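Coordinate analysis (summary)
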Amino acid sequence: MTEQELQRHMESVSLQFFQKRFRHQARFNSRLRTTGGRYLLKSHVIEMNPRYLENFGLEYFIGIMKHELCHYHLHLAGKGYQHRDADFRELLAKVDAPRFCQAIPTTQKMHRYVCLSCQTEFLRKRRFDVKKYRCGRCNGRLAYMEEKIVNG
Ligand SMILES: [Zn+2]
Ligand SMILES: [Zn+2]
């Protein structure tokens, strides 16, 4: 999904579930760690964590958009936009959005390698060519094992 597509998604989710326009900017922020998205009070920007889309899929991601749009629309309407506010909880229930955007565990795609000599396992974020690198412990040859989803 490109950032333009994210913007269009946010606008259509807003119209579909809130019957209100999303008039500000939606963008990806891959530096978000423990949250799927966040609403910025000053700029009214909604930032979304692209890793949640990769790891959980579009339906789940739209749930996070709805959650952030609850903050957004309530804040702009001058109502209670924080997690503890009754307005917020009511709107969440109405649009069937997940309650917490903070409590979702961060997950990360990792690649698992094993040394063919000493059997040491390695997890790396990026895939690399096993012909070009050797085991840091014993200088043995490495083999690629699998892609793994790791909870952080
Ligand atoms: Zn929230
Ligand atoms: Zn080794």
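Here the structure is a predicted model, which is why all the values come from computation and not from measurement.

Turning our attention to the sheet that holds strand E2 (residues 37-39). Two orientations exist for strands paired in a sheet by backbone hydrogen bonds: parallel and antiparallel. Strands sit in the order E1-E3-E2 across an open sheet of three strands; the sheet is mixed. Edge positions in the sheet fall to strand E1 (26-28) and E2, since each has one partner strand and no second. Across the sheet, the mean angle from the axis of one strand to that of its neighbour is 20°, orientation sign disregarded. Where E1 and strand E3 (residues 46-48) come together, three bridges link them in parallel fashion. Residue Phe 28 lies in a different strand from E3, and its bridge partner there is Met 48. Across the sheet, helix H1 (residues 3-18) touches E1 and E3, and the angle it forms with E1 is around 135°.

Attention shifts here to the pattern of salt bridges. Opposite charge on two side chains lets them pair, provided their charged atoms get close. The final tally for this structure, using the stated rule, is five salt bridges. Measuring nitrogen to oxygen at the nearest pair gives 2.7 Å for the salt bridge that ties Glu 47 to Arg 38. A salt bridge links Glu 146 to Arg 112, with the nearest nitrogen and oxygen atoms 2.9 Å apart. Residue Glu 146 is located in strand E6 (residues 142-151), and its partner Arg 112 is located in strand E4 (residues 107-115); the two are separated by 34 residues in the primary sequence. You can call Glu 146 partly exposed: its relative accessible area is 31%. Here the residues in one salt-bridge network are Arg 27, Arg 38 and Glu 47, joined through shared partners.

Thresholds applied
- Numbering of residues starts from 1 in each chain and follows the order in which that chain's sequence is written.
- Throughout, the order in which chains and ligands are written sets their labels, letters from A for the former and numbers from 1 for the latter.
- Under the rules for a predicted model, residues below a pLDDT of 70 receive no local features and side-chain atom pairs below 80 are neither given nor counted, while totals for whole chains, interfaces and linings still include all residues.
- Excluded from the side-chain calculations are hydrogens and water; all other atoms, namely the structure's heavy atoms, are used.
- Two strands are counted as paired when DSSP detects at least two bridges linking them.
- The helix count covers DSSP runs of H or I at least four residues long, the strand count covers runs of E at least two residues long, and both are numbered beginning at the N terminus.
- Under this scheme, a helix contributes an axis fitted over its contacting stretch, all axes are lines through C-alpha atoms, and angles between N-to-C directions fall in the 0 to 180 degree range.
- We call two residues contacting when some pair of their heavy atoms lies within 4.5 Å.
- One side-chain nitrogen of Lys or Arg within 4 Å of one carboxyl oxygen of Asp or Glu is enough to make a salt bridge.
- A 1.4 Å probe rolled over the protein chains alone gives each residue an accessible area, and that area as a share of the maximum for its type sets the label: buried under 20%, exposed over 50%, partly exposed in between.

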